[in-house]
Amino acid sequence: MAVLHAWRAARVTPLGELHAPPRMTAVLVRLVVQVILVASLWHGLYDRTGTTAGLSEGQAVTYAVLAVLASRLRELDQYAGRDTVLQHMHFGTIVYWYLRPLPPQRYHALRALGEQVYGFAWALGGYLVCLAAGVVDPPKSAAVAGVFALSLLLGQVVLYNVMLLLDQMCFWTVRNNAAMLILIFAQNLLSGVYAPLWFFPEWFITLSGFLPFQATLSVPLSIYIGRIPLSDAGGQLAIQAGWAVALTLFTRFLWRRAARRVISQGG
């Protein structure tokens, strides 16, 4: 029975997407346009130079395109299903999370797992097409591919907990719109979504090293393109694992505290 409940929770968002063909078409068009524009941008930037910030043109384009594809792992429209923590807090329906057979923290995690598996299917499909078309370079070896996969998994765990902290904020503030905008911008900037961190000033790189954001994306993509060699990957994986454990323990603590603050507004 527990497995059945888990399966039903995990498939909620993917089913919502699959039953809305216009949304899927919009995602496909958006992804194609993003990949073309990003690849064209970086090819243009390298038009008159060979290597910049230690990256060749192929490495830079590969990094940028993979960053676009990786964004599909957590960009589903949860608001369409009215099942975000923010919406439940606003409408007073968050109390039902505490009446279900699944604990709220497990339900939230299973929803995120289903979303990431669905998003991974999009990202993998896009990666294979880009690889076949020569838009991105293949990994240098099977070992690099394996370490990259492990690093990407750890990065997703870190990212999930970072976004979970934002959701949990609603138990104390009810609304988190402003914090969400700030965090999403900080996440994209400090994780290397907009551009690889090596293009930023030294103080910026040092600052980002004390935050968990670069562990979500910059580290796995740096391993893939060879910016972080396999000899140094162990230390980076340890840092990612440390952030994953620390944030997981902290969010579990906040779940227990949040249960004492459940309120109902608007019915």
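Conventions we followed
- Residues numbered from 1 in each chain as written.
- Predicted model: local features only at pLDDT ≥ 70, side-chain atom pairs only at ≥ 80, totals over all residues.
- Heavy atoms only, no water.
- Helix = DSSP H or I, 4+ residues; strand = E, 2+ residues; numbered from the N terminus.
- Rg over C-alpha atoms; globule rule 2.2 N^0.38 Å.
- Buried < 20%, exposed > 50% of the residue type's maximum accessible area, 1.4 Å probe, protein only.
- Lys, Arg positive; Asp, Glu negative; His and termini not counted.
- Charge placed at Lys NZ, Arg CZ, Asp CG, Glu CD.
- Contact = heavy atoms within 4.5 Å.
- Phe/Tyr/Trp six-rings, centres within 6.5 Å; stacked < 30°, edge-to-face > 60°.
- Salt bridge = Lys/Arg side-chain N within 4 Å of Asp/Glu carboxyl O.
- Patch = residues over 30% accessible without salt bridge, like charges linked within 9 Å, V, L, I, M, F, W, Y side chains within 5 Å.
- Areas by Shrake-Rupley, 256 points an atom, 1.4 Å probe, with all protein chains shown as cover.

A. Representation of the overall build of the chain in the model. In terms of regular secondary structure, the chain is built from 12 helices and 2 strands. Scanning the chain from its N terminus toward the C terminus, one meets helices and strands in the order α-α-α-β-β-α-α-α-α-α-α-α-α-α. For 267 residues, the compact-globule estimate of 2.2 N^0.38 gives 18 Å, and the chain sits close to it at 20 Å. With respect to the three principal axes, the spread of C-alpha positions in the chain is 60 × 40 × 35 Å. When the 267 residues of the chain are sorted by exposure, 42% land in the buried category. Distance between charge centroids for the chain: 15 Å, based on 19 positive and 11 negative side chains.

B. Layout of helix α11 (residues 218-225). In terms of residue burial, α11 counts as a mostly covered element, since 8 of its 8 residues are buried. For α11, every residue scored as buried is listed here: Ser218, Val219, Pro220, Leu221, Ser222, Ile223, Tyr224 and Ile225. Elements that come into contact with the buried residues of α11 comprise β2 (55-56), α4 (57-70), α6 (104-133), α7 (142-168) and α12 (230-258). Positive phi appears at Gly226, one or two residues downstream of α11, with a value of about 90°.

C. Structural context of the packing of aromatic side chains. Per the counting criterion, the structure on display carries 8 aromatic pairs. A ring pair is formed by Phe171 and Trp255, whose centres lie 6.0 Å apart and whose planes are at 70°; its orientation type is edge-to-face. Here Trp255 lies in helix α12 and Phe171 lies in helix α8 (residues 170-173), a separation of 84 residues in the sequence. Note on Trp255: relative accessible area 6%, which makes it buried. Centroid distance Trp203 to Phe204: 5.8 Å. Interplanar angle 80°. Geometry classified as edge-to-face. By relative accessible area, Trp203 is classed as exposed at 58%.

D. Local environment of the pattern of salt bridges. Tallied over the entire structure, the rule returns 1 salt bridge. We note a salt bridge from Glu115 to Arg111, for which the minimum N-O separation is 3.7 Å. One end of the pair is Glu115 and the other is Arg111, both in helix α6 and 4 residues apart, which spans about a single turn. A single burial state applies to Glu115 and to Arg111, both of which are buried.

E. Expanded view of the environment of Leu247. Here Leu247 shows up in helix α12. Residues Leu247 and Gln236 lie 11 residues apart in sequence; the distance between their C-alpha atoms is 17 Å. Once residues lying within four places of it in the same chain are set aside, the contact partners of Leu247 are Val158, Asn161, Val162, Leu165 and Pro212.

F. Region of interest: a nonpolar patch on the surface. A contiguous nonpolar surface patch, about 330 Å² in accessible area, is contributed by Phe120, Leu124, Leu128 and Leu131. Tracing the backbone shows Leu131 in helix α6. Given a relative accessible area of 30%, Leu131 falls into the partly exposed group.

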